[in-house]
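# Structural overview for review
Residues per chain, in single letters:
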Amino acid sequence: MQILSVPEFDKFCKNIKPSRYIYNTENQRTDNSFNTKKEVSEYKIVLTSLCPNIIFFRNEFSYMCLERVKYVLIDTETCTIGTVLTVVCGDKKTSDNDMFYTFIAD
């Protein structure tokens with residue numbers, strides 16, 4: 001497992017050049033076992049910004065913008081269909097309210 005900053009994540013994506021980033025609600029960390037929403041989204045492009053720390057996933061029809069990014073966890077070993085990317089967002093002073101967004105890059 002690697003921990004990357006936003007600039008490191010940007011370089012990582014440029015190096016591996018995935019064809020898509022898949023977001024699936026079933027792959028997300030959640031403490032709500034009664035989730036009534038199912039979503040699968042596919043993005044072709046990822047952009048980053050350092051002021052503030054933002055990761056922006058986009059395709060021709062929609063986008064997902066993740067703000068207050070603290071770091072990105074990269075797992076290249078446990079998933080057979082691609083690289084697991086978990087974007088961690090929240091307050092830099094505490095981890096009490098961190099949000100985790102997991103994508104598969106392939």
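See the structure shown above.
Reference entry: report on the structure contained in this document. Remember, predicted model here, so these are calculated numbers, not experimental data. (Residues numbered from 1 in each chain as written. Predicted model: local features only at pLDDT ≥ 70, side-chain atom pairs only at ≥ 80, totals over all residues. Heavy atoms only, no water.)

## Considerations on the nonpolar core
Formed by 21 residues in total, the largest nonpolar core has its most connected members in Phe9, Tyr21, Phe57, Leu85 and Phe103. Secondary-structure elements contributing two or more residues to this core are helix H1 (6–16), strand E2 (21–24), strand E5 (53–58), strand E6 (63–67), strand E7 (69–75), strand E8 (83–89) and strand E9 (99–105). In terms of residue count, the dominant contributor to this core is H1 (four residues). Setting aside residues no more than four positions away along its own chain, Phe57 makes contact with Tyr21, Tyr43, Ile45, Val46, Ser62, Tyr63, Met64, Leu66 and Phe103. (Core = buried A, V, L, I, M, F, W, Y, C linked by side-chain atoms within 4.5 Å. Buried < 20%, exposed > 50% of the residue type's maximum accessible area, 1.4 Å probe, protein only. Helix = DSSP H or I, 4+ residues; strand = E, 2+ residues; numbered from the N terminus. Contact = heavy atoms within 4.5 Å.)

## Comments concerning the pairing of strand E3 (residues 40–43)
Residues in a regular strand project their side chains so that they alternate between the two faces of the sheet. Burial along E3 is one-sided: the face carrying Ser41 and Tyr43 is buried and the face carrying Val40 and Glu42 is not. Pairing analysis gives four bridges linking E2 to E3, with the strands arranged antiparallel. Its bridge partner being in E3, Asn24 is matched across the sheet by Val40. (Pairing = 2+ DSSP bridges.)

## Points about the sheet that holds E8
Strand order in the open sheet made by the six strands is E1-E7-E8-E9-E2-E3, with antiparallel pairing throughout. A strand with exactly one partner marks an edge of an open sheet, and here the two such strands are strand E1 (2–4) and E3. Strand-to-strand twist across the sheet, computed as the mean angle between neighbouring axes with direction ignored, equals 25°. As judged from the six bridges shared by E7 and E8, these two strands associate in the antiparallel manner. Residue pairing across strands places Tyr71 opposite Val88, the latter belonging to E8. (Axes fitted to C-alpha atoms, helices over the stretch in contact; angles between N-to-C directions.)

## Some points on the packing of aromatic side chains
Across all of its chains, the model carries five aromatic pairs by this definition. Seen from their ring centres, Phe56 and Tyr63 are 5.2 Å apart, and the 20° between their planes marks the pair as stacked. Assessed through its relative accessible area of 56%, Tyr63 is described here as exposed. On the numbers, 4.1 Å between centres and 20° between planes, the contact of Phe57 with Phe103 is stacked. Separated by 46 residues along the polypeptide, Phe57 in strand E5 and Phe103 in strand E9 bring together distant segments of the chain. By relative accessible area, Phe103 is classed as buried at 0%. (Phe/Tyr/Trp six-rings, centres within 6.5 Å; stacked < 30°, edge-to-face > 60°.)

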